[in-house]
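Tertiary structure, described
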Amino acid sequence: MAARYELFEGIDEQFYFRLIAANGEQILRSEGYVSKQGAQNGISSVRVNSPLDEQYERKISTNDQYYFVLKGGNWEIIGVSQMYTTRDSRETGIASVKANGPDAPTHDLTGE
């Protein structure tokens, strides 16, 4: 299976996207958007910003898990990673977003 974006509507009636790696793991998820077009714009922003290392903020959660956020050109958060147990696995996640983010196709799961 190839990497892909999944665009979907949540139970809160907001639109979201997630970037799924070729191995089926979710590597990035969005915040909620009030419109489908907003979520599509978020995907476009990931495509542009994912190759740029300076757009990643590496973080540690309160329970000592590692994760990252990807920021857009306006420095707003456009995606958050899953939690990782090591720094190295977080870096592997970033490398996967850098590799897959620009070109992964979008699968629209909204049914619209």
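Every chain is numbered on its own, with residues counted from 1 as its sequence reads. Local features in this predicted model are restricted to residues whose pLDDT is 70 or higher, and side-chain atom pairs enter the listing and the counts only when it is 80 or higher, whereas totals over whole chains, interfaces and linings include all residues. No hydrogens and no water enter the side-chain calculation; it runs on all heavy atoms of the structure.

Helix length check: helix H1 (residues 36-49), at 14 residues, gives a terminal C-alpha distance of 20 Å against a target of 20 Å (1.5 Å per residue), a fit within 8%. What H1 keeps buried is the set Lys36, Gly38, Ala39, Gly42, Ile43, Ser45, Val46 and Asn49. By the criteria applied, helices consist of DSSP H or I runs no shorter than four residues and strands consist of E runs no shorter than two, each listed in order from the N terminus. In a helix, the anticipated span is given by 1.5 Å times the number of residues less one. Three labels apply to residues, based on accessible area from a 1.4 Å probe with only protein chains included: buried if under 20% of the type maximum, exposed if over 50%, partly exposed otherwise in between.

Moving on to the nonpolar core. Buried together is how nonpolar side chains tend to be arranged in soluble globular proteins. Among the buried residues, those of types Ala, Val, Leu, Ile, Met, Phe, Trp, Tyr and Cys that are joined through side-chain atoms within 4.5 Å form a nonpolar core. Formed by 22 residues in total, the largest nonpolar core has its most connected members in Tyr5, Leu19, Leu28, Val46, Phe68, Leu70 and Val97. Of all the secondary structure elements, the ones that give two or more residues to this core are strand S1 (4-9), strand S2 (15-20), strand S3 (26-29), H1, strand S5 (66-71) and helix H2 (87-100). Between two residues, a contact is recorded if the distance between any of their heavy atoms is within 4.5 Å. Leave out the neighbours within four places in its chain, and Leu19 touches Arg4, Tyr5, Glu25, Gln26, Ile27, Leu28, Val97, Gly101 and Ala104.

Turning to the UniProt feature "domain: DUF1508" (unreviewed entry) in the protein, a few remarks are in order. Under the present numbering, the feature "domain: DUF1508" (unreviewed entry) in UniProt falls on residues 12-57 and 62-108. This span, residues 12-57, is 30% helix and 26% strand, and a straight line between its end C-alpha atoms measures 28 Å. As annotated, residues 62-108 comprises 30% helix and 28% strand, and the C-alpha atoms at either end are separated by 34 Å. UniProt positions are given in the numbering used here, feature names are shortened, and annotations may be inferred rather than shown by experiment.

Here we come to the side chain of Gln55. Turning to its location among the elements, Gln55 is positioned in the loop between H1 and strand S4 (56-60). For Gln55, the contacting residues outside a window of four places in its chain are Asn49, Val69, Leu70, Lys71, Gly72, Gly73 and Trp75.

Turning our eyes to something else, we now look at the environment of Ser81. Along the polypeptide, Ser81 turns up in the loop between strand S6 (77-80) and H2. In this structure Ser81 comes out as buried when scored by relative accessible area, which is 4%. Every residue in contact with Ser81, bar those within four places of it in the chain, is listed here: Ile27, Leu28, Tyr67 and Phe68. Polar contacts involving the side chain of Ser81 include one to the main-chain amide nitrogen of Phe68, which spans 2.9 Å. Counted as a polar contact is a pair of N or O atoms within 3.5 Å, where, for protein atoms, one must be capable of donating a hydrogen and the other of accepting one, and residues adjacent in sequence contribute only when both atoms are in side chains.

This part takes up the side chain of Arg90. Among the structural elements, Arg90 can be located in helix H2. In contact with Arg90, other than residues within four places in its own chain, are Arg58, Lys59, Ile60, Tyr66, Tyr67, Phe68 and Tyr84.

Once that is clear, we can look at the packing of aromatic side chains. A pair of Phe, Tyr and Trp rings is counted when the ring centres sit within 6.5 Å of each other, with Trp represented by its six-membered ring. The angle between the planes then sorts it: under 30 degrees is stacked, over 60 is edge-to-face, the rest tilted. This model, assessed by the stated rule, comprises five aromatic pairs. Geometrically, the ring pair formed by Tyr5 and Phe17 is edge-to-face, given 6.2 Å between the ring centres and 70° between the ring planes. With Tyr5 in strand S1 and Phe17 in strand S2, this residue pair connects regions lying 12 residues apart in the sequence. Assessed through its relative accessible area of 1%, Phe17 is described here as buried.

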